Amino acid sequence: MVKNRLLDNLVHQVEAAGFCFASGEYIHEWLQSQRPDALADWAQFAASWNDMPLDRYMADGGRYRRRRYATLSAGETPDSIRMEPHQPHYQSLEYNALNGGVAREFEPILNEVVNGNTMTSILRFCHQIFNHLQPCPRWHIELHQFRIEAGNQLAGKPTPEGVHRDGVDFVLVMLVQRVNIASGTTTMHDLAQRTLDSFTLTAPLDTAIVNDHRCMHGVTPVEQIDPDQPAYRDVLVATFTRRQP
Ligand SMILES: [Fe+2]
């Protein structure tokens, strides 16, 4: 049940358009209204993007994406969110023509990150929105930490597969931080790939919320600004998919 106007507002936007942008300030206010210490471990949460392994499944040969992955499940209430045993990530070629069609093994997101205040609060936020949009007794949840790096005059591609669906029911894309990069603009599209909107996640907690059945999405490449400094974009992606009970 949606208990307050902040969440209600986001739900209505996604119902109307199939997606919405929510500012970091907006998300921050909602998270803290639920739990004053919702972001108490933000520094550790953000730092956990620092030592991630390279994604070696990139069919374009790219070595610019680092990631970790976790799987969870939930019932009808946010209290029921649970971690599931670590498992490979699978997308069909239908949804990921570049890297889909194989089970990809990624290192797990660290337990203390998944179970920390920040991640727990964000997952509860997702659950409240998505379960209101489409109530379901059994959710399959996938969490992805992504770092896209740019450097040596090479742009990093946040969505190397191009404009796409994730092949789930709902998607949350939340910025953790941008360091020394330009561009990286999120684009929203209808199912015929016509552009509906574009916006750039620039501040921590800036978020895109997407109904994956109604909209496709993409992100433009990120470019290094100062060639002598590291350049990267860190995001959290959480997807929710309804399972048969
Ligand atoms: Fe995606």
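Summarised in this report is the structure supplied together with it. (Residues numbered from 1 in each chain as written. Predicted model: local features only at pLDDT ≥ 70, side-chain atom pairs only at ≥ 80, totals over all residues. Heavy atoms only, no water.)

## Thoughts on the overall build of the chain
On a plain count of helices and strands, the chain comes out with 5 helices and 14 strands. Whereas a compact globule of 245 residues would reach a radius of gyration of roughly 18 Å, the chain reaches 17 Å, a difference of no more than 12%. The dimensions of the chain, computed from C-alpha atoms along their principal axes, are 50 × 40 × 35 Å. When burial is assessed residue by residue, the chain has 53% of its 245 residues classed as buried. For the chain, the share of sequence-separated contacts (at least 6 apart) that also reach a separation of at least 24 residues comes to 77%. Computing the positive centroid from 22 side-chain charges and the negative centroid from 29, the chain places the two 3 Å apart. (Helix = DSSP H or I, 4+ residues; strand = E, 2+ residues; numbered from the N terminus. Rg over C-alpha atoms; globule rule 2.2 N^0.38 Å. Buried < 20%, exposed > 50% of the residue type's maximum accessible area, 1.4 Å probe, protein only. Contact = heavy atoms within 4.5 Å. Lys, Arg positive; Asp, Glu negative; His and termini not counted. Charge placed at Lys NZ, Arg CZ, Asp CG, Glu CD.)

## Some details on the environment of threonine 185
With respect to the helices and strands, the residue threonine 185 is situated in strand E9 (residues 185-189). Along the sequence, threonine 185 and phenylalanine 199 sit 14 residues apart, while their C-alpha atoms lie 5.8 Å from each other. A polar contact is formed between the side chain of threonine 185 and the side chain of threonine 200, at a distance of 3.0 Å. (Polar contact = N/O pair within 3.5 Å; in protein donor to acceptor, adjacent residues only side chain to side chain.)

## With respect to the pairing of strand E10 (residues 195-200)
Summarising the sheet, E9 and E10 pair through 5 bridges and their orientation is antiparallel. Directly across from methionine 188, in E10, lies its bridge partner aspartate 197. Remark: 5 residues form the turn of the hairpin made by E9 and E10, two consecutive strands paired antiparallel; glutamine 193 in that turn has positive phi of roughly 70°. (Pairing = 2+ DSSP bridges.)

## Regarding the layout of surface pockets
Unfilled space is identified by rolling a water-sized probe across the atoms. Approximately 590 Å³ is the volume found for the largest pocket. In terms of lining, the largest pocket is formed by 38 residues, of which the most central are His89, Gln91, His144, Asp166 and Thr239. Listing elements by their share of the lining of the largest pocket, those giving two or more residues are strand E2 (65-74), strand E4 (89-90), strand E6 (139-150), strand E7 (170-179), E9, strand E11 (207-211), strand E12 (216-219) and strand E14 (231-242). Here the residues of the lining of the largest pocket are counted per class, giving 16 nonpolar, 14 polar and 8 charged. (1 Å grid on protein atoms, 1.4 Å probe; cavity = no way out; pocket = protein on both sides within 12 Å on 5 of 7 lines; lining within 4 Å. Points joined across faces, edges and corners; volume = space filled by probe spheres on them. Nonpolar A, V, L, I, M, F, W, Y, C, P; charged D, E, K, R; others polar.)

## As for the packing of helix H1 (residues 5-17) against helix H2 (residues 24-34)
Direction vectors running N to C along H1 and H2 enclose 130°, while the axes themselves pass 10 Å from each other. For the element pair H1 / H2, the angle class is oblique. Along its contact with H1, which presents Arg5, Leu6, Leu7, Asn9 and Leu10, the element H2 presents Tyr26, Glu29 and Trp30. The residue makeup of the contact of H1 with H2, split by class, is 5 nonpolar, 1 polar and 2 charged. (Axes fitted to C-alpha atoms, helices over the stretch in contact; angles between N-to-C directions. Parallel < 35°, antiparallel > 145°, perpendicular 65-115°, else oblique.)

## Looking at the state of the cysteines
Evaluation of the coordinates by the stated rule reveals 0 disulfides. Cysteine 215 provides the cysteine sulfur closest to cysteine 20, a residue in no disulfide bond, and the two sulfurs are 11 Å apart. For cysteine 136, which is in no disulfide, the shortest distance to another cysteine sulfur is to cysteine 126 and amounts to 15 Å. (Disulfide = S-S within 2.5 Å.)

## Thoughts on H1
Across its 13 residues, H1 extends 18 Å between first and last C-alpha, which sits within 8% of the 18 Å expected from 1.5 Å per residue. Burial in H1 covers these residues: Leu6, Leu7, Leu10, Val11 and Val14. End-on view of H1: buried residues confined to an arc of 130°, all on one side of the axis. H1 presents Arg5 and Ala16 as exposed residues on the side facing more than 90 degrees away from its buried surface. (Expected span 1.5 Å × (residues − 1). Arc of directions from axis to C-beta.)

## Here's the deal with the side chain of serine 121
Tracing the backbone through its elements, the reader meets serine 121 in helix H5 (residues 117-133). Under the relative-accessibility criterion, serine 121 is labelled buried at 7%. Excluding residues within four positions of it along the chain, serine 121 makes contact with Leu31, Arg35 and Ala38.

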